[in-house]
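Coordinate analysis (summary)
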Amino acid sequence: MFRLENVQKTYSRHGATVTAFQCAEMTIDAGEYVAILGPSGSGKTTLLSLLGGMLSPSKGGVWLGEQSLYELSVTERAKLRRELLGFVFQTFNLVPYLTALENVQVPLCLAGISSNEQQERAALMLSRFGLTERLRHKPSEMSVGQQQRVALARTLVSNPRIILADEPTGNLDPESRELVLNSLTECHREGRTVVMVTHDPVAAKRAGRILQLIGGELRDQGDAYGRRSAA
């Protein structure tokens, strides 16, 4: 599914070169649930952006299946994201002037699906997250946990094969945190590939394999029980 080879991402700051991320080799297989564990500033979001086709490496290659992501044009990568990938962000990225229902409809609208089908699918997905009573509410009228559930519903409504989640439980109340983690587990059981970055070791243990980022360098910690992966 994903393969990184000799990848490095560097930035220039105040005349010095800073390495934000580096990895000699890493593979994530189709259908895996992988947690990338590390503190703030360790390179987790940089790695997720590399996997999502949103940030080209300074050197090395990133493959999705047989396709080298950064040999594609910007337009081709955008099409690939739209067709295969779903993103969950800590900051939600909901459109503030749209209702919960309309926010979840956005990816379906971009895919050219009819208005009636958009509404039906969006309402059904929101009901899955216990938000039937919030369909007409705007983000400012919902709690933080409800906003994250709307964001997750928006991600899943287009049925992506791969989910990339960036600190999806950050700042959530315990009930919403558990609901989000259970939803990601269910997505994995349905056969989707899930890659979650987190600083929370408890959340990371929900995954089948844990990768740890220390100072921008990726290390394989094995599965959630400490056993090393063969990948």
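One can find the structure itself at the top, above this paragraph.
Here's a quick rundown of the structure.

We now examine the nonpolar core. One finds Val104, Leu126, Phe129, Val150, Leu156, Leu184 and Met196 to be the most contacted residues of the largest nonpolar core, which totals 37 residues. Top contributing element to this core by residue count: helix α5 (residues 144–156), with five residues. Not counting residues within four places of it along the chain, the set of residues in contact with Leu156 comprises Met125, Arg128, Phe129, Ile163 and Cys187.

Positive phi values are uncommon outside glycine, yet Phe92 reaches one of about 70°. Assignment of secondary structure puts Phe92 in the loop between β6 (85–89) and α3 (100–110). Phi at Glu167 takes a positive value of approximately 45°, unusual for a residue other than glycine. Considering the arrangement of structural elements, one finds Glu167 in the loop between β7 (162–166) and α6 (174–189). Accessibility expressed as a relative area gives 8% for Glu167, which makes it buried.

Our next topic: the pattern of salt bridges. Applying the stated criterion across every chain yields a total of nine salt bridges. For Glu167, the salt bridge identified is with Lys44, shortest N-O distance 3.6 Å. One end of the pair, Glu167, is in the loop between β7 and α6; the other, Lys44, is in helix α1 (residues 44–51), with 123 residues separating them in the sequence. Among the ionic pairs, Glu117 bridges to Arg121, the shortest N-O distance being 3.4 Å. Within this pair, Glu117 and its partner Arg121 are both found in helix α4 (residues 115–128), separated by four residues, close to a single helical turn.

Further remarks concern the pairing of strand β1 (residues 2–13). The pairing of β1 with strand β2 (residues 16–28) spans eleven bridges and is classified as antiparallel. Counterpart to Glu5 in the pairing with β2 is Glu25. Hairpin connection from β1 to β2: two residues lie between these consecutive antiparallel strands, with His14 at a positive phi of about 55°. In this sheet, strand β4 (residues 59–64) lies alongside β1 in antiparallel orientation, the contact comprising five bridges. Within β4, the residue paired with Leu4 across the bridge is Val62.

Among the secondary structure elements, Gln105 is positioned in helix α3. By relative accessible area, Gln105 is classed as buried at 10%. Excluding residues within four positions of it along the chain, Gln105 makes contact with Ser115, Gln118, Gln119 and Ala122.

On to the packing of α5 against α6. To describe two helices that pack against each other, one gives the angle between their axes and the distance between the axes. Two elements in contact, α5 and α6, have axes separated by 9 Å at closest approach and are oriented at 15°. On the basis of the axis angle, α5 is roughly parallel to α6. Crossing of α5 over α6 shows left-handed handedness. Side by side, α5 and α6 meet where Gly145, Gln148, Arg149, Leu152 and Leu156 of the first sit next to Ser176, Leu179, Val180, Ser183 and Cys187 of the second.

Rules of the game
Residues numbered from 1 in each chain as written. Predicted model: local features only at pLDDT ≥ 70, side-chain atom pairs only at ≥ 80, totals over all residues. Heavy atoms only, no water. Core = buried A, V, L, I, M, F, W, Y, C linked by side-chain atoms within 4.5 Å. Buried < 20%, exposed > 50% of the residue type's maximum accessible area, 1.4 Å probe, protein only. Helix = DSSP H or I, 4+ residues; strand = E, 2+ residues; numbered from the N terminus. Contact = heavy atoms within 4.5 Å. Salt bridge = Lys/Arg side-chain N within 4 Å of Asp/Glu carboxyl O. Pairing = 2+ DSSP bridges. Axes fitted to C-alpha atoms, helices over the stretch in contact; angles between N-to-C directions. Parallel < 35°, antiparallel > 145°, perpendicular 65-115°, else oblique. Left-handed = near helix turned anticlockwise from the far one by under 90°.

Function-wise, these values are silent; they only describe arrangement.
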